[in-house]
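Each chain, letter by letter, is given below.
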Amino acid sequence: MRSVDELIAGGVSGRRVLLRADLNVPLDKKTGAITDDGRIRASLPTITALRDAGARVLIAAHLGRPKGEPDPQFSLAPVAARLGELLDTAVPLAADVAGPDASAKAAALADGDVLMLENVRFEAAETSKDDAVRGELADRLAGLAEVYVDDAFGAVHRKHASVFDVAQRLPHAAGRLVARELEVLTRLTESPERPYVVVLGGSKVSDKLGVIEALLPKVDRLLIGGGMTYTFLAARGLEVGTSLLEADQVETCRRLLAEAGDRIVLPVDVVVTPEFSADVPTRVLPATEIPADEMSLDIGPESVALFTEALSGAHTVFWNGPMGVFELAPFQGGTRGVAQAVGAVEGLSVVGGGDSAASVRQLGLDEGAYGHISTGGGASLEYLEGRALPGLTVLAD
């Protein structure tokens with residue numbers, strides 16, 4: 001797999017480079033303002049390196065889930081504006097993805113200029129299952145440039161036109177962010193320094209089952225938090241009240257617990273409340289005493305202490321998924337405590353993207369405390385499961 005630095009060494013001055021970036025940032029629903037620009041900042045090293053080498057950079061990216069047609073609420077306009085601020089240069093936005101306006105603006109680029117194409121998911125062909133349909137969009141995207149660089153690790157698990165098909169049509173390379181993600185994930189899968197502890201949170205066991213099955217033989221401890229907790233507790237025969245529960249996964253969790261023995265660690269106390277709200281009373285109770293008419297929305301302080309102890313001697317840690325509903329103030333304690341424990345690890349600490357990365361920033365924690373914060377939650381998990389990721393497979397050709 002060729003790197004963008006090898007591409008630059010070969011000369012990109014005056015050449016149009018199509019860069020697929022992951023700029024899928026969260027927006028405030030009322031104001032449309034960006035609430036977390038982490039993914040934009042993560043894309044800067046590759047963009048800056050290409051600009052400094054004299055490339056003419058066209059950026060393709062997606063935002064949200066538009067239904068295959070233009071939708072103003074998912075326009076990349078705020079992203080282009082924020083990127084321009086960070087680069088201290090104007091970043092114009094094409095009015096289309098790979099149409100007349102994109103072609104005209106691409107042709108007008110000077111060395112070191114940056115152009116943002118409109119949201120690639122405004123074209124239904126981007127996510128089509130039909131190779132020929134995706135191919136038509138890929139032909140138009142490829143026609144805008146001479147070289148392709150993929151730096152969108154958060155999208156490499158998708159067989160999309162701007163991720164997979166364009167790379168078949170242009171000389172291609174992996175961006176610095178993709179290279180760094182691969183370096184870290186390879187260490188996790190092939191040669192983790194032990195003890196190796198994985199912390200998994202998030203809502204559903206079904207979403208994480210593949211990675212649990214893949215990691216369980218490799219880890220020294222697997223700490224379970226978040227919404228998944230309650231299906232595991234139910235598998236132990238405990239009452240979980242009105243907490244999130246995947247009844248169809250209880251038997252699976254029971255099997256995993258039997259196979260893993262004491263390597264799976266569950267919370268010992270939880271924060272319970274009558275309803276899903278930031279304005280109702282909460283109580284910390286043992287995990288064995290969740291009332292039938294209440295729900296748990298976070299792990300408790302004793303669980304944080306238990307997890308912190310398990311993490312304290314680790315040399316390699318991978319954390320994916322919050323410990324509770326960290327968006328609501330009464331239920332932030334578990335995620336904050338575990339995040340701090342992961343950051344204190346003397347070794348490689350990896351935050352596995354998605355809500356985990358968002359929680360680090362939302363809770364005001366020091367990003368520099370972690371060895372790596374991934375930009376690709378789903379892609380990270382699929383890589384750790386051992387799945388072939390289309391966007392990486394095509395770059396290796």
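Residues numbered from 1 in each chain as written. Predicted model: local features only at pLDDT ≥ 70, side-chain atom pairs only at ≥ 80, totals over all residues. Heavy atoms only, no water.

In terms of nonpolar packing, the biggest core is built from 76 residues, with Leu 18, Leu 117, Leu 141, Leu 222, Phe 232 and Ile 264 touching the most fellow members. In contact with Phe 232, not counting residues within four places along its chain, are Val 205, Ile 212, Ile 224, Cys 253, Leu 256, Leu 257, Ile 264 and Leu 266. Within the second largest apolar cluster, 30 residues are counted, among which are Ala 21, Leu 23, Val 25 and Ala 80. (Core = buried A, V, L, I, M, F, W, Y, C linked by side-chain atoms within 4.5 Å. Buried < 20%, exposed > 50% of the residue type's maximum accessible area, 1.4 Å probe, protein only. Contact = heavy atoms within 4.5 Å.)

Among the secondary structure elements, Asn 119 is positioned in the loop between β3 (114-116) and α5 (131-142). A distance of 3.0 Å separates a polar atom in the side chain of Asn 119 from the backbone oxygen of Phe 74. (Helix = DSSP H or I, 4+ residues; strand = E, 2+ residues; numbered from the N terminus. Polar contact = N/O pair within 3.5 Å; in protein donor to acceptor, adjacent residues only side chain to side chain.)

Let us now look at helix α13 (residues 354-362). Listing the buried residues of α13 in full gives Ser 356, Ala 357, Ser 359 and Val 360. Along the long axis of α13, the arc covered by the buried residues comes to 160°, so they all point the same way. Buried-residue contacts for α13 involve β12 (316-320), α12 (333-343), β13 (348-351) and β14 (372-373). In the stretch just after α13, Gly 364 is the one whose phi turns positive, near 70°. (Arc of directions from axis to C-beta.)

This brings us to the sheet that holds strand β4 (residues 147-150). Taken in spatial order, the five strands make up an open sheet running β3-β2-β1-β4-β5, and their pairing is parallel. In this open sheet, the two strands that pair with only one neighbour each are β3 and β5 (172-174). The average angle at which neighbouring strand axes cross in this sheet is 25°, direction not considered. Bridge analysis of strand β1 (residues 16-20) against strand β2 (residues 56-60) gives five bridges, and the strand direction is parallel. Bridging from a neighbouring strand, Arg 16 pairs with Arg 56 of β2. (Pairing = 2+ DSSP bridges. Axes fitted to C-alpha atoms, helices over the stretch in contact; angles between N-to-C directions.)

A separate point is unusual backbone geometry. With an omega dihedral of 0°, the bond running from Arg 194 to Pro 195 counts as a cis peptide bond. Considering the arrangement of structural elements, one finds Pro 195 in the loop between α7 (176-190) and β6 (196-200). Phi angles above zero are rare outside glycine, and Asp 88 is one such case at about 60°.

Further remarks concern the environment of Gly 353. In this fold, Gly 353 is placed in the loop between β13 and α13. For Gly 353, the residues in contact, after removing those within four places along its chain, are Asn 320, Ser 374, Gly 376 and Gly 377.

Here we take up the packing of α7 against helix α14 (residues 377-385). Two quantities define a packed helix pair, namely the angle between the axes and the distance from one axis to the other. In contact at an axis separation of 10 Å, α7 and α14 are set at 40° when each is read in the N-to-C sense. Taken together, α7 and α14 sit at an angle that is classed as oblique. Remark: the crossing between α7 and α14 carries right-handed chirality. When α7 is examined against α14, the residues Glu 181, Leu 182, Leu 185, Thr 186, Leu 188 and Thr 189 are found in contact with a partner set consisting of Ser 380, Tyr 383 and Leu 384. Residues of the contact of α7 with α14, tallied by class, amount to five nonpolar, three polar and one charged. (Parallel < 35°, antiparallel > 145°, perpendicular 65-115°, else oblique. Left-handed = near helix turned anticlockwise from the far one by under 90°. Nonpolar A, V, L, I, M, F, W, Y, C, P; charged D, E, K, R; others polar.)

Before going further, it helps to spend a moment on the sheet that holds strand β10 (residues 283-286). Spatially, three strands are ordered β10-β9-β11 in an open sheet, and the strand pairing comes out antiparallel. In the strand order of this sheet, the two ends are held by β10 and β11 (295-299), each with one partner. Here the average twist between neighbouring strands, direction ignored, is 45°. Across four bridges, strand β9 (residues 269-273) lies against β11 in antiparallel orientation. Counterpart to Val 271 in the pairing with β11 is Asp 298. Helix α11 (residues 301-312) rests against β9, β10 and β11 of the sheet, and its axis sits at about 40° to β11.

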